[in-house]
Amino acid sequence: MKKIHILKSRWEPDDIAYMRRQGVQVKEGTTAISSARIEDDDVYYDVKNRFERKYNGFLEFLYYEYTREEILSAPYCLLVRTLHFAGYPRPLNSYMSKTFDMSNACPSCHMGRNQKGPFRIAKVAKSGFWQFYAWEPSVFFVSDKIYESVFANYGIERIPVKRTSGEIVEGFSQLVFPVSSEPLDLYAYEYEICPNCGKKRFLPGEFVNHPYFPLHNTPLRGGYAVKEVFGQGWIVSQPILLSAELIAMLIELKEIDCNLLIPCTSNIEQYWGPKSDYSVNHPK
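All values reported here derive from a predicted model rather than from experimental measurement.

Engineer: Would you take a moment to explain the overall build of the protein chain for this structure?
Structural biologist: A tally of regular secondary structure across the protein chain gives eight helices and 19 strands. Judged by the C-alpha coordinates and their principal axes, the protein chain covers about 60 × 45 × 45 Å. Counting every position in the protein chain, which comprises 284 residues, the buried fraction comes to 46%. Here the contacts in the protein chain between residues at least 6 apart in sequence split such that 70% fall between residues at least 24 apart. On the protein chain, roughly 14,800 Å² of surface is accessible, and the fraction owed to carbon and sulfur atoms is 48%.

This is how it looks when you write it as structure tokens:
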């Protein structure tokens, strides 16, 4: 596992040369903005302190990179995203009310909504396992072939998908993962409290800001959704965990890649540190 810092700015040539002398990988973009990838914490703090005032801050990202062995040896992994995407839920301006029962949903954060019918789409991906470009990060679609060879073995359900016209899409369906009733202790994660309904949502960026992801004491077979809700604004999602056996099949079929997964562990304090270090979890 590697801890990776990414800094993005309109670096001047002399500063790029300085960072490269420190062993920093700098990728110059097609625009004036370039990204610096820093794996050493000491070098990261040196670069940040040296240039923060000069550039009046910069875009900054943190994530953890795992080896293939770390991914494949984990009992379960969190699925960050798929390799393939296609379209957006339709109709663009009213899909929410057509797809979900919003009668118990908070009008601000949309927690409490329940899917009542099929998603409508304008096109499908060529891949057998894919999702929308945006808006519904925990909704996944699957071809009949991939469903029968992978997901059906675990009893994971599926429902039809419709075209914008209302016609059933042949050969594809939406996966419906069961939801765990067991809570996770996400003590290191930041969250926000909806001022309207008072419910908690964890911030989606926290997936990559902390190494590994906690695993339930009793994980569900094959694949399932956690009960905790993530999101910001009106986006709502419940992350999906996939078992090692299911992941191995999807990788073999070239439907996912190791860099799209975060390994899970039942001993999360080993990576996050003791809970006492997070005596106060400050909400956003």
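Additional details are given in the paragraphs that follow.
Engineer: Mind showing me how you'd approach the environment of Gly222 here?
Structural biologist: Mapped onto the secondary structure, Gly222 falls in the loop between β16 (213-214) and β17 (223-225). Each C-alpha atom of the pair Gly222 and Phe151 lies 7.8 Å from the other, and the pair is 71 residues apart in sequence. Apart from residues lying up to four places away in sequence, Gly222 is in contact with Tyr76, Tyr154, Leu241, Leu242, Ser243 and Leu246.

Engineer: Explanation requested: a nonpolar patch on the surface in the structure shown.
Structural biologist: On the surface, a nonpolar cluster with roughly 290 Å² of combined accessible area is contributed by Tyr88, Leu92 and Tyr133. Tracing the backbone through its elements, the reader meets Tyr133 in the loop between β10 (129-131) and β11 (141-143). A relative accessible area of 45% places Tyr133 in the partly exposed class.

Engineer: What is the right way to read helix α2 (residues 41-51) from this model?
Structural biologist: Given 3.6 residues per turn, any residue in an α-helix points the same way as the ones three and four places further on. Within α2 the residues assigned to the buried category are Val43, Tyr44, Val47, Lys48 and Phe51. The arc that holds the buried residues of α2, viewed along the axis, is 130°, so those residues lie on one side. Exposed and facing more than 90 degrees away from the buried side of α2 are Asp42 and Asn49. Elements in contact with the buried residues of α2: β1 (2-9), α1 (13-21), β3 (34-38) and β4 (59-65). Residue Asp40 occupies the N-cap position of α2, its side-chain oxygen lying 2.8 Å from the main-chain nitrogen of Asp42.

Engineer: Even after reading the chapter, I still don't get the confidence of the model for the protein chain, so can you show me in this structure?
Structural biologist: Do not read the predicted coordinates in detail wherever pLDDT is low. On average, residues of the protein chain score 92 in pLDDT, and 97% of them reach the 70 mark or higher. Considering each helix and strand of the protein chain separately, the mean pLDDT is smallest for strand β2 (residues 25-28), with a value of 88, and largest for strand β18 (residues 240-243), with 98.

Engineer: What am I meant to see in the packing of α1 against α2 here?
Structural biologist: The packing of two helices is summarised by the inter-axis angle and the distance between the axes. Contact geometry for α1 and α2: axes closest at 11 Å, N-to-C directions at 160°. Comparing their axes, α2 and α1 come out roughly antiparallel. At the point where α1 passes α2, the crossing takes the right-handed sense. Here α1 contributes Asp15, Tyr18 and Met19 to the contact with α2, which in turn contributes Asp46, Val47, Arg50 and Phe51.

Parameters and conventions
- Residues numbered from 1 in each chain as written.
- Predicted model: local features only at pLDDT ≥ 70, side-chain atom pairs only at ≥ 80, totals over all residues.
- Heavy atoms only, no water.
- Helix = DSSP H or I, 4+ residues; strand = E, 2+ residues; numbered from the N terminus.
- Buried < 20%, exposed > 50% of the residue type's maximum accessible area, 1.4 Å probe, protein only.
- Contact = heavy atoms within 4.5 Å.
- Areas by Shrake-Rupley, 256 points an atom, 1.4 Å probe, with all protein chains shown as cover.
- Patch = residues over 30% accessible without salt bridge, like charges linked within 9 Å, V, L, I, M, F, W, Y side chains within 5 Å.
- Salt bridge = Lys/Arg side-chain N within 4 Å of Asp/Glu carboxyl O.
- Arc of directions from axis to C-beta.
- Polar contact = N/O pair within 3.5 Å; in protein donor to acceptor, adjacent residues only side chain to side chain.
- pLDDT = per-residue confidence, 0-100.
- Axes fitted to C-alpha atoms, helices over the stretch in contact; angles between N-to-C directions.
- Parallel < 35°, antiparallel > 145°, perpendicular 65-115°, else oblique.
- Left-handed = near helix turned anticlockwise from the far one by under 90°.

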